[in-house]
Amino acid sequence: MSTQQAAPLSEAAQTRKAVSNILKGSAGNLVEWFDLYVYTVFAAYFQSHFFNSSDDLQAGLEAMAVFSTSFLMRPIGSWFFGRYADRKGRKAALTLSVTLMSAGSFAIAILPTQDVIGLWALILLVFIRVVQGFSVGGEYGTSATYMSEAATAKRRGFFSSFQYVTLIGGQMLALLVLVILQNTMSKEDLTAWGWRIPFAIGGVAALVVLWLRRSMEETLSADQLRAAHVKVEGEAQPGTMKLLFTKHWKPLLICIGITLGGTVAFYTYTNFILKFMNDTSGIAKTDTSVINFWALFIFMLLQPVYGMLSDKIGRKPLLIWFGVTGVLFTWPLLSTLAGTKDPFVAFLLMFGGLLMVGGYTSINALVKAELFPASIRALGVGLGYAIANSLFGGTVPLIGAALQKSGQVDMFFTYVTAAIFISLLVYIFALKNKKPTHLDAEQGNAFAAKGTAKDDDDKKDLVNA
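Residues numbered from 1 in each chain as written. Predicted model: local features only at pLDDT ≥ 70, side-chain atom pairs only at ≥ 80, totals over all residues. Heavy atoms only, no water.

### A short note on the overall build of the protein
How we decide: Helix numbers and strand numbers start at the N terminus; a helix is a DSSP run of H or I with at least 4 residues, a strand a run of E with at least 2. Using a 1.4 Å probe on the protein chains alone, a residue whose accessible area is under 20% of its type maximum counts as buried, one over 50% counts as exposed, and one in between counts as partly exposed. For the area figures, the Shrake-Rupley method with a 1.4 Å probe applies, and any residue is considered shielded solely by the protein chains shown. Positive charges are assigned to Lys and Arg, negative charges to Asp and Glu, while His and the chain termini are left out of the count. Note on charges: their place is set at NZ of Lys, CZ of Arg, CG of Asp or CD of Glu.
Per the secondary structure count, the protein includes 22 helices and zero strands. Once the C-alpha set of the protein is aligned to its principal axes, its extents read approximately 70 × 50 × 45 Å. Across the 465 residues that make up the protein, the buried fraction comes to 56%. As presented, the protein carries roughly 18,600 Å² of accessible surface, and 67% of it is formed by carbon and sulfur atoms. Taking the 38 positively charged and 30 negatively charged side chains of the protein as two groups, their mean positions are separated by 6 Å.

This is the structure:
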């Protein structure tokens, strides 16, 4: 009798442990992405202080160019923090990344404008954004790894979905701060100095997260951490580029392919769409802020729903849902949005896009984490994501703004559709549904207590990889 009662208690204890660690890990993710998105959300109000152009479209293009520079450092940040996390532990890497982001937010909050220090204002702004891009480059891969490892086997999809709950939540909070300030301050005050407030908020919030992360549990065992520092003749060490490129280059390429279309679609429907509604659709800034907030709020709540669904049917069907609907409906959605001035119609169109993208965002971190063993997971996930994100996702606002300015916005719709199609091919041909993964081999099978004989053989091969 007592034996029968022990199992549920043990499972409950594991769930409580997972919830505690994931809350602490995701809180930092929330703040990091809030600090990153505040820039684009408030760009229309502070761009005149750092860019000389009197043309709003040109100034906006320059502001988005600076936003894109932060993505240039993401691969470097992913390499640094991925190596650090695989060799020193996930907790140490996550603590360092949020410290750098906090420092960057405080720096922008007090940064003098070009009226005070001239060109140095722009130079310092670019430098700070580069540092923050370096920080976020490390945050994604390490948090994706940590949250996937901290989750219980049967609920990996659900628990790991909270990475994008907090990522979207960061942008949503940035929009909420914008809506509050727009309704409590005059446009003149918001443009003059009010835009500094959200950066100060982000800096303070990061300090709170820094305190929370001190009590996180490490997901790498002491033996794994020790092994990372033991040199074996003729073998690459854990967390190194040599190990990644000699033994795990195929999953790295798959990781890049998984990310390509998803990151382009995500930044289109959550980031660039704000400027798209303002400049192409002609919808007022105050209306677009409200539209974005509520669409993102519902989108955020859907992430765990998609995650739970993936725990039942597997990860691949959700990715194919995103790929197929993205290819079929991106052009109709965006072209219709370009011609509407009705805020409610714009909301429905934006949400339609997000409903498609949810098939990717909810589980992409877990799918990538499952591709790599623990010894190279943070580096593999982080670098694969960062390469695709820097080349394609981070350039979405710049490409979109440039095509807007040249009157060729239809080409942007084609670009987004083509990117999604490339990833759809990866989902179909490079991924297998419900097959044993590295996480299964390390922490228990996600879909069955016992697999087929072939699955058991696959699992043994993964352990020996």
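Picking up after the structure, the text goes on.
### Regarding helix α13 (residues 249–281)
The following threshold applies: To get the bend at any residue, fit one axis to the seven residues that end at it and another to the seven that begin at it, then take the angle between the two axes.
In the structure, α13 departs most strongly from a straight axis at F272, where the bend amounts to approximately 60°. Within α13, 27 of the 33 residues are buried, leaving the element largely enclosed by the surrounding structure. Within two residues after α13, G282 carries a phi angle of roughly 80°, on the positive side.

### Focus on the packing of aromatic side chains
Under the convention used in this document: When the centres of two rings from Phe, Tyr and Trp lie within 6.5 Å, Trp using its six-membered ring, the rings pair. Their planes under 30 degrees apart give stacked, over 60 give edge-to-face, and anything left gives tilted.
This model, assessed by the stated rule, comprises 28 aromatic pairs. Judged by centre distance (5.4 Å) and plane angle (80°), the ring pair of Y164 and F266 falls under edge-to-face. Here Y164 is found in helix α8 (residues 162–184), whereas its partner F266 is found in helix α13, with 102 residues between them in sequence. Grouping residues by exposure puts Y164 and F266 together as buried. Site record: aromatic cluster; members linked through ring pairs are W33, Y37, Y164, F266 and Y267.

### Observations regarding the pattern of salt bridges
Our working rule: Basic side-chain nitrogens of Lys or Arg form a salt bridge, by our definition, when they fall within 4 Å of a carboxyl oxygen of Asp or Glu.
Within this structure, the stated rule accounts for eight salt bridges. Of the charged contacts, one joins E149 and R90 as a salt bridge, the two residues approaching to 2.8 Å between their closest N and O atoms. Taken together, the residues E149 in helix α6 (residues 119–150) and R90 in helix α4 (residues 90–109) connect sequence positions 59 residues apart. For R90, a relative accessible area of 0% translates into the label buried. Between E442 and R377 there is a salt bridge, with the nearest N and O atoms lying 3.0 Å from each other. Here E442 is found in helix α21 (residues 438–443), whereas its partner R377 is found in helix α18 (residues 377–393), with 65 residues between them in sequence. E442 gets classed as partly exposed once you look at its relative accessible area, which sits at 34%. Each of D86, R90, E149, R377 and E442 takes part in a single network of salt bridges with overlapping partners.

### Observations concerning the side chain of T142
Short version of the rule: Here a polar contact is recorded for every N or O atom pair within 3.5 Å, except that within protein the pair must consist of a potential hydrogen donor and a potential acceptor, and residues adjacent in sequence are included only if both atoms are side-chain atoms. Here a residue-residue contact requires only that any non-hydrogen atoms of the pair lie within 4.5 Å.
Looking at the secondary structure, you find T142 in helix α6. Side-chain polar atoms of T142 contact the backbone oxygen of G138, separated by 2.8 Å. When residues no more than four places from it in sequence are discounted, the contact partners of T142 are F81, A85, R90, A93 and L94.

### Focus on the packing of α13 against helix α15 (residues 316–338)
How we decide: With axes taken as lines fitted to C-alpha atoms, and helix axes fitted only over the stretch in contact, angles between N-to-C directions fall between 0 and 180 degrees. Angles are sorted into four bins: roughly parallel if under 35 degrees, roughly antiparallel if over 145, roughly perpendicular if 65 to 115, and oblique for all others. Amino acid classes used here: Ala, Val, Leu, Ile, Met, Phe, Trp, Tyr, Cys and Pro are nonpolar; Asp, Glu, Lys and Arg are charged; the rest, including Gly, are polar.
In the contact formed by α13 and α15, the axes pass within 12 Å of each other and the chain directions differ by 5°. When the axis of α13 is compared with that of α15, the two are roughly parallel. Across the interface between the two elements, G261, G262, A265, T268, Y269, I273, F276, M277, T280 and S281 from α13 touch F322, T330, L333, L334, L337 and A338 from α15. Each residue belonging to the contact of α13 with α15 can be placed in one class, and the counts come to 10 nonpolar, six polar and no charged.

### Quick look at the nonpolar core
Spelled out, the test is: What we call a nonpolar core is a set of buried Ala, Val, Leu, Ile, Met, Phe, Trp, Tyr and Cys residues that are connected through their side-chain atoms within 4.5 Å.
W33, F42, F266 and Y267 are the most contacted members of the largest nonpolar core, which has 107 residues in total. Counting residues per element, this core draws most heavily on α13, at 15 residues. W33 has contacts with R74, V136, E139, Y140, L167, G170, Y267 and Y385, leaving out every residue within four places of it along the chain. A18, Y146, M147 and M216 belong to the second-largest nonpolar core, a separate cluster that totals nine residues.

### Considering unusual backbone geometry
Of note in the backbone geometry, K434 takes a positive phi value of approximately 60° without being a glycine. Following the sequence through the fold, K434 ends up in the loop between α20 (409–430) and α21.

### Quick word on helix α19 (residues 396–405)
Under the convention used in this document: It is the directions from the helix axis to the C-beta atoms that the arc portrays.
Taken together, the buried positions of α19 are V396, P397, G400, A401, L403 and Q404. Buried residues along α19 cover an arc of 165° about the axis, so they all sit on one side. One or two residues past the end of α19 sits G407, with phi positive at roughly 75°.

### Here's the deal with a nonpolar patch on the surface
What counts here: Patches draw on residues past 30% relative accessible area with no salt bridge. Two like charges within 9 Å are joined, as are two nonpolar side chains (Val, Leu, Ile, Met, Phe, Trp, Tyr) within 5 Å.
There is a patch of nonpolar side chains on the surface, built from F106, V204, L207 and V208 and spanning about 330 Å² of accessible area. At three residues, helix α10 (residues 196–212) tops the list of elements feeding residues into the nonpolar patch. Along the chain, L207 turns up in helix α10. Accessibility expressed as a relative area gives 46% for L207, which makes it partly exposed.

### Thoughts on the side chain of K316
Tracing the backbone shows K316 in helix α15. We note that K316 is buried and unpaired, the nearest opposite charge coming from E370 at a distance of 13 Å. At 3.0 Å, the side chain of K316 and the backbone oxygen of I428 are in polar contact. Leaving out residues up to four positions away in the same chain, K316 has contacts with Y427, I428, L431, K432 and N433.

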